[in-house]
Amino acid sequence: MLIVFRLLRIIPQIRSMRLVTTTLIDLLKNMKAFAGILVVLYYFFAILGIEFFQDVIDWQKCEGNNTANHTECITCGTYEELEYWPNNFDDFAAALVVLWNLMVVNNWQVFLVVYSKATTGWSQLYFIAWYFTSVLICINLFTALILENFITKWDRHQQQLSEGLREDEITIRTTVHSMFRDMLTEPTEEELIKELQQHPHLELRL
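To keep things clear, this report deals only with the structure shown in the data block. (Residues numbered from 1 in each chain as written. Predicted model: local features only at pLDDT ≥ 70, side-chain atom pairs only at ≥ 80, totals over all residues. Heavy atoms only, no water.)

Another point: the overall build of the protein chain. Across its full length, the protein chain carries nine helices and zero strands. In the protein chain, the order of α-helices and β-strands from amino to carboxyl end is α-α-α-α-α-α-α-α-α. When the 206 residues of the protein chain are sorted by exposure, 26% land in the buried category. Within the protein chain, contacts between residues separated by at least 24 positions form 60% of all contacts whose residues are at least 6 apart in sequence. Accessible surface, the protein chain as shown: approximately 15,200 Å² in total, 61% of it carbon and sulfur. (Helix = DSSP H or I, 4+ residues; strand = E, 2+ residues; numbered from the N terminus. Buried < 20%, exposed > 50% of the residue type's maximum accessible area, 1.4 Å probe, protein only. Contact = heavy atoms within 4.5 Å. Areas by Shrake-Rupley, 256 points an atom, 1.4 Å probe, with all protein chains shown as cover.)

Turning our eyes to something else, we now look at the environment of Phe 53. For Phe 53, the position within the fold is in helix H3 (residues 32–53). Residues Phe 53 and Phe 89, spaced 36 residues apart in sequence, show a C-alpha to C-alpha distance of 5.8 Å. Not counting the four nearest positions on each side in its chain, Phe 53 is found in contact with Phe 89, Asp 90, Tyr 115, Thr 119, Ser 123, Tyr 126 and Phe 127.

This part is about the packing of aromatic side chains. As enumerated under the stated definition, the model contains 19 aromatic pairs in all. A ring pair is formed by Phe 53 and Tyr 115, whose centres lie 5.0 Å apart and whose planes are at 55°; its orientation type is tilted. In this pair, Phe 53 is assigned in helix H3 and Tyr 115 in helix H6 (residues 108–118), connecting sequence segments 62 residues apart. For the residue pair Phe 53 and Tyr 115, the accessibility class agrees, reading buried in each case. Here the aromatic rings of Phe 89 and Tyr 126 are separated by 5.8 Å at their centres, their planes lie at 85°, and the arrangement is edge-to-face. Linking Phe 89 in the loop between helix H4 (68–72) and helix H5 (92–103) with Tyr 126 in helix H7 (residues 124–163), this pair joins segments that are 37 residues apart in sequence. For the pair shown, Phe 89 and Tyr 126 are each scored as buried. Through successive ring pairs, a cluster of aromatic residues spans Tyr 42, Phe 44, Phe 45, Phe 52, Phe 53, Phe 89, Tyr 115, Tyr 126, Phe 127 and Trp 130. (Phe/Tyr/Trp six-rings, centres within 6.5 Å; stacked < 30°, edge-to-face > 60°.)

Moving on, we get to a nonpolar patch on the surface. Together, Ile 128, Phe 132, Leu 136 and Ile 137 make up an exposed nonpolar region whose accessible area comes to about 340 Å². Within the fold, Ile 128 resides in helix H7. (Patch = residues over 30% accessible without salt bridge, like charges linked within 9 Å, V, L, I, M, F, W, Y side chains within 5 Å. Salt bridge = Lys/Arg side-chain N within 4 Å of Asp/Glu carboxyl O.)

Shown next, in the form of structure tokens:
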């Protein structure tokens, strides 16, 4: 076990890995605001889920003895067949587990179907709202934080190498465009005018 910790101490000393490790460390230091928002969202949706779906799943309906009737009422890939009985909104802890499963998109359609059948079709709005909030907003925001931190570190590192500056003399100047500028080709003025003239909703007068 100690060998693993020694390896973790060596990784920041490797030049190629230093930028990645410092980015991750700085990201953890600046996660307070993001983590606070995530806690509030989890708390809000967990309480809302308990109010809407508490005790609506009857786990004894298809659970019990291994009889012929028991196997007949189970469809492959459903909530019952996967034995997701602990994943419910009967208490706060279980609600948090369900929200986590939905956030990582772990068979989220299974929860959508079973709660629609147990209540009404309008219950799908709850799960869709959580999907947009957690997956499309929170996870993408987390990815953006990683990219921004990495670009900043890359800029400081490249500027220090090219100009031989000290750490306190470095200013942030790099953007995503300038990082990949060597791979981009600037269009000529004639090409721009031609593209604008072919635009179906734009009338260009020269």
